Amino acid sequence: MAFSIQRFSASVTAFVFGHPFPTEAVVAKPLQGQELEQVFGSSSQQVAGSSIPSQYVSITEADDGIYIRYSLAEGDAIYGVGQNMGRLNKCGQLFKTWCSDEFRHLPDKASLYGAHPFLVIKGENNFALFIDYPGEMTLDLGFSDPSQISIHIPTHHVRIFEFTAANAKQQVRDFRSLIGQPYIPPRWAFGYQQCRWSYYDKNAVNEVVEKLRHFDIPCDSVYLDIDYMEEFKDFTLDPHRFSDFSNWVAQLRQQGIRLIPIIDAGVKVADNYSVYQEGHEKGYFCKTETGDEFQAAVWPGLCAFPDFFQPEVRQWWGKQYQFLTDQGIDGFWNDMNEPALFYSPQGLQQAISHAEQCKDKNIGVHEFFQLKGAFENLSNRREDYQAIWHQLEDGNRINHEQVHNLYGQKMTQAADEGFKQLNPDKRYLMFSRASAISGHRYGGIWLGDNHSWWEHLKLNVAMMPGVNMCGYLYSGADVGGFAGNATSELLCRWIQFAVFTPLLRNHSCMGTRDQEPYAFDENALTIMRQHIKLRYRLIPYLYSEFMQAAKNNENLFWPLPLEYADPDAQNVEDQLLVGRALMCAPVLEQNASGRYVYLPENMLLWKVRQHDKFDLKIMPQGHHYLPLELAEMALFLRPDSILPLVDSAHHVEAQDLSSLECLVYLHSSAEYVLYHDDGVTHNWQHGAQASLKVKVFYDAENKIQQDVTIEGDLPYRQVKLTIIDQFEQVVVRHIPIA
Ligand code: MIG
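Residues numbered from 1 in each chain as written. Predicted model: local features only at pLDDT ≥ 70, side-chain atom pairs only at ≥ 80, totals over all residues. Heavy atoms only, no water.

S.K.: Can you break down the overall build of the chain residue by residue, with the values?
M.R.: Each helix and strand counted, the chain has 15 helices and 40 strands in total. Relative to the globule expectation of 27 Å for 738 residues, the C-alpha radius of gyration of the chain, 26 Å, shows essentially globular dimensions. Taken over the C-alpha atoms alone, the chain extends approximately 85 × 70 × 55 Å along its principal axes. Burial analysis of the chain (738 residues in total) assigns 62% to the buried set. A separation threshold of at least 6 residues defines the contact pool for the chain, and within that pool the share at least 24 residues apart is 72%. For the chain, the exposed area adds up to about 27700 Å²; of that, 47% sits on carbon and sulfur atoms. Positive and negative charge centroids in the chain, built from 61 and 91 side chains respectively, lie 3 Å apart. (Helix = DSSP H or I, 4+ residues; strand = E, 2+ residues; numbered from the N terminus. Rg over C-alpha atoms; globule rule 2.2 N^0.38 Å. Buried < 20%, exposed > 50% of the residue type's maximum accessible area, 1.4 Å probe, protein only. Contact = heavy atoms within 4.5 Å. Areas by Shrake-Rupley, 256 points an atom, 1.4 Å probe, with all protein chains shown as cover. Lys, Arg positive; Asp, Glu negative; His and termini not counted. Charge placed at Lys NZ, Arg CZ, Asp CG, Glu CD.)

S.K.: A description of the nonpolar core should follow, citing residues and the corresponding values.
M.R.: Counting residues in each nonpolar core, the largest one holds 219 residues, and the members touching the most others are Phe118, Trp317, Tyr321, Phe500, Leu635, Phe636 and Leu643. Of the residues that make up this core, three or more belong to each of domain 1 (4-179) and domain 2 (187-267 + 296-341 + 403-545). Ignoring anything within four residues of it in the chain, the contact list for leucine 643 reads Leu538, Tyr541, Leu582, Trp606, Leu635, Leu637, Glu661, Cys662 and Leu663. (Core = buried A, V, L, I, M, F, W, Y, C linked by side-chain atoms within 4.5 Å. Domains from an automatic or database assignment.)

S.K.: Quick one: what's the story with the sheet that holds strand β2 (residues 12-17), residue by residue and with numbers?
M.R.: Overall, antiparallel pairing links the 6 strands, which are arranged β1-β2-β11-β8-β7-β5 in an open sheet. One side of each edge strand has no neighbouring strand; the edge strands of this open sheet are β1 (3-9) and β5 (77-80). For this sheet, the mean inter-axis angle between neighbouring strands, taken without regard to orientation, is 20 degrees. As paired elements, β5 and strand β7 (residues 118-122) share 4 bridges and run antiparallel to each other. Directly across from glycine 80, in β7, lies its bridge partner leucine 119. Packed on one face of the sheet, helix α2 (residues 168-179) meets β1, β2, β7, β8 (127-132) and β11 (158-163) and runs near 160 degrees to β7. (Pairing = 2+ DSSP bridges. Axes fitted to C-alpha atoms, helices over the stretch in contact; angles between N-to-C directions.)

S.K.: Explain unusual backbone geometry to me, and be specific about the residues and the numbers.
M.R.: Looking along the chain, the bond that leaves tryptophan 197 and enters serine 198 is cis, with omega of 0 degrees. Summarising the element assignment, serine 198 is placed in the loop between β12 (192-194) and α3 (202-214). Of the consecutive residues glutamate 338 and proline 339, the connecting peptide bond is found in the cis state with omega at -5 degrees. Here proline 339 shows up in the loop between β18 (331-335) and α8 (345-358). In the Ramachandran plot, glutamate 231 falls in the positive-phi region, its phi being about 50 degrees despite a non-glycine side chain. By the secondary structure assignment, glutamate 231 is in the loop between β13 (221-224) and α4 (245-254). The phi angle at phenylalanine 232 is positive, at roughly 60 degrees, despite the residue not being glycine. Its relative accessible area of 24% is what places phenylalanine 232 among the partly exposed residues.

S.K.: Account for the site of the ligand, naming residues and giving values.
M.R.: Around the ligand, the structure places 14 residues, and the nearest of them are Asp225, Asp335, Arg433, Asp449 and His507. Contact distances for the ligand include 2.9 Å between an oxygen atom and a side-chain N or O atom of histidine 507. Burial of the ligand by the protein chains amounts to 95% of its free accessible area of 350 Å². Split by residue class, the shell around the ligand holds 9 nonpolar, 1 polar and 4 charged. (Near = heavy atom within 4 Å. Polar contact = N/O pair within 3.5 Å; in protein donor to acceptor, adjacent residues only side chain to side chain. Nonpolar A, V, L, I, M, F, W, Y, C, P; charged D, E, K, R; others polar.)

S.K.: I'd like a rundown of the packing of helix α6 (residues 311-320) against helix α12 (residues 407-422), residues and numbers included.
M.R.: The contact between α6 and α12 brings their axes to 7 Å, and the two run at 65 degrees. When the axes of α6 and α12 are compared, the pair comes out roughly perpendicular. Crossing hand, α6 versus α12: right-handed. Facing Arg314, Gln315, Trp317, Gly318 and Lys319 of α6, the residues of α12 in contact are Lys410, Met411, Gln413, Ala414, Ala415, Glu417, Gly418 and Gln421. (Parallel < 35°, antiparallel > 145°, perpendicular 65-115°, else oblique. Left-handed = near helix turned anticlockwise from the far one by under 90°.)

S.K.: Which residues make up the sheet that holds strand β3 (residues 58-62), and what are the values?
M.R.: What the 5 strands build is an open sheet, ordered β3-β4-β10-β9-β6; its pairing is antiparallel. Each end of this open sheet is capped by a strand with a single partner; those strands are β3 and β6 (93-96). When strand polarity is set aside, the average angle formed by the axes of neighbouring strands in this sheet is 15 degrees. Here 4 bridges tie strand β9 (residues 138-141) to strand β10 (residues 148-153), and the two strands are oriented antiparallel to one another. Across the sheet, residue leucine 141 finds its bridge partner in β10, namely isoleucine 149.

S.K.: Go over the packing of aromatic side chains, please, and point to the residues and values.
M.R.: Across all of its chains, the model carries 49 aromatic pairs by this definition. Taking the centre distance of 5.1 Å and the plane angle of 50 degrees together, the rings of tyrosine 284 and tryptophan 316 count as tilted. With a gap of 32 residues between them, tyrosine 284 in the loop between α5 (274-281) and β16 (295-298) and tryptophan 316 in helix α6 connect regions that are remote in the sequence. Both rings, one in tyrosine 543 and one in tyrosine 675, keep their centres 6.3 Å apart while their planes meet at 45 degrees; by these two values the pair is tilted. Taken together, the residues span a long stretch of sequence, with tyrosine 543 in helix α15 (residues 522-552) and tyrosine 675 in strand β36 (residues 669-676) at a distance of 132 residues. Its relative accessible area of 0% is what places tyrosine 543 among the buried residues. What makes tyrosine 675 buried here is its relative accessible area of 5%. Three or more aromatic residues link up through ring pairs in this structure, and these residues are Phe235, Tyr276, Tyr284, Phe285, Phe308, Trp316, Trp317, Tyr321, Phe332, Tyr407, Phe419 and Tyr428. When the ring centre of tryptophan 389 is taken as origin, the NZ or CZ atom of arginine 397, which lies over that ring, is 4.7 Å away. (Phe/Tyr/Trp six-rings, centres within 6.5 Å; stacked < 30°, edge-to-face > 60°. Lys NZ or Arg CZ within 6 Å of the ring centre and 35° of its normal.)

S.K.: Mind laying out α4, listing which residues take part and the relevant values?
M.R.: Taken as a whole, α4 has its buried residues at Phe245, Trp248, Val249 and Leu252. End-on view of α4: buried residues confined to an arc of 105 degrees, all on one side of the axis. The elements touched by buried residues of α4 are α3, β13, β14 (258-264) and α7 (322-325). (Arc of directions from axis to C-beta.)

All quantities given are derived from atomic positions and should not be read as evidence of function.
What follows is the structure in C-alpha cells.
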C-alpha cells in the first residue's frame, strides 16, 4: 500500500494516499527538514511502509477504496461531524458526506447541506479524525455494529488526518489551526434579522420594517428572497416591484435596516440576459462529458451552473455582486449551491417515457409505485450530478461526482474574492447554504430548511458545536422553523436559544403562517421583544467571544462533556457553553413550565424575564428542576466570570456604548477581556483593535477590589459593576474610564 506521512505538529499527522484532489481545506504546511527533526528526531523521515502507523485507527486499502476502522469501547462518545442529524453524541449513527438540498431533516437523514467529515472520539482513547476528500464517503459510527466505527472512502486518493492531543478541545484547536481563520462578519450582523420567502415587493418590506419599529422590536436587516429578481435571474431586480432600488436601500438604511438579497447558484438560460450570455460565450458554465453546457431546471427554469472550480470563473462571478453593492447592498446569502437541481431535461424525458409506457395499461401496484417514483425522484438525481464535468486549472477535467461537496463553497469563495476586489477593507455579510471543510474562510452558513418542529429546535442546539468545530462560527438556524407553521410558544422558546447564535434570523417558507414576532399574540410579542432586546444587550460579549474564538481556533459553543470531566456532565445533551463565561439551558419541550438542568459547578442563574432587570440566584453544583415560564429564559454565569452588557437599541449601530455594565459572579478572582474594533473593516488585522480589561478580586483584607484597564480606542466611558459573591451578596460600583 503506497502512502506517505505528513507531520504538522507533535499531535497532528496526515496519511496521504495516491494523489488527493487539492481541496485547499488545509492551509497549514507539513513540517519539513530541521523543523521535522526537532519534533520527531531523525526517525521522522520515514515516509512509506507496509502498515500505516496510525496511533488509534486501522487504515486499510481494498479494491473499493480505503477503510478506517476503530473499535469503540463501552462509554465512548463521538462528537462533531458538523451539520448533521442527531444529538451531540453521534454514536450509533450513519452519515454520508454529500451536500444535499434536504427539505425534511428527518432523524435518519444521512446527509444535509454541509459535508463536514471531522469527528472527535472521546472515551477510552481520545483522538480526532479529519478525512480530506470532497466526494461521498460513508461514516458508519456504530450503526452497523455498535462496537465499530467504520469509514469507507471510495477512492485511493485521500489525505487522512489524525489528531492526538490529550483532549478533545485541543484536538479541535489543532484541526482549526490547519484549516485557517474563519470569516468575520460585520458587527451589525449580530443584530436580529427578519426574513421570509418572500416579501414580494417594496411595500411588503416597508410594512415589515414599520411594524418591527412600531412594536419596538430591534432589527438590523430584512432579507430579499428570490422574488426580488426579474424572473429569478441572478443580479437583476424586478423593475416594477423593486423600482428605484438604490434610493429605497438608502432610505431603509437611514432607519438602521439593511437589505440582504439572496443569490442562487443556477443562472437562467436566456438570450436577453447578459450574465448568461457572457458566461455562455466565455465557456464559464459546467459542461457535460461531450463538452456541451450542462443544464437543469431550478427556480428560473432551465439554468446553467458556473464552473466555480476555475479561478477565472470565480473572478467573473465575484464581480457580479457589484450590481447590488453599487446600489448600497452589503450582505448576501448564497442559496441552492449544493447545487440543487429540480430536474434535468433528460431525467424529465425518462419519466415521461416511463409514464407513456404505462398509458392505457391496467398497471399493477408495483408498477404504480415505480411510476410515482419516476416523478418523485426527479430532483437532485445522482445521474444528473454524474453528467457534470468541471474544468481544472491544470487543464484536466474532473467529474462532479468526485468533488461534489466543494461546489457550493466555491461559489461562496467566488463571492468573497469578489468582495475583496470591490473593497478590500470592508466586511460584507455572506453566508451560504452548502458547505464543506474550509468554506468557513469565505462566509458563514445557515442550517437550511428546517421545520417549525420542537425536534428542530433541539437539532439547532445539537448542531452548533458541530459546525463550530469546522470553523463555521457565523451560523444559525431559521429561527421558528422554515417549513410548517410555528406556534407562538415554539417561536418564543426558539428565540430564547437563538439569542446566543451569531446568526439570529427568523425565516419561514412561502405559504406558511406569518412568523414575524408581531404576527402572534400580545403576550408572545412581549416575550420576544424582551429576549431580542436581551440579545442586543449581549452583543459586546457575543462579538468579543466570536472574535477571540476566530483568532484562537476556539468554538463559541462547546458541549459540556468536552469541558467538564465529571461523569454526570458526560450525558448532558441539551445545555451548551456559550463562550467562556456563559452556559445556556433552553426549554425544548412544548407546554413545559421548566426543565431539568445539570450544573457541573456552582453557577449564577439570571432568570431573564426583562432584559434590563436582574433576577439572580446562585445554584449549587448538581441536578435541579428549574421552573421557567414561557416569559423566562435561563442564562448561567460560571464562577469567577464576568458578563459585559450594554443597553439595547433599535439596531446595532444605534447602541449607546458609553456605559458598560458588567455582571460579575465572584469566587476569588474574576477577569474578562472585552475585545472591540470598528466592526465594519478588516483593520483589526493591522492592529486596530481595542480591549477593556475588568478584574474583580479580593485583597489581603478580604475586601472586593477592581481594576479596569483599557488598551486602544474604546467607546466605553464608564463601567457599572454588579458583583455577586458566593453568599449572594450584591455589590454595585461605578467606575469611570479615564
Ligand atoms: O427551493 O428561495 O433554503 O431559505 O427561502 C427553495 C426560496 C429555495 C431554499 C432556501 C430557503 C429559501 C428558498 N430556497
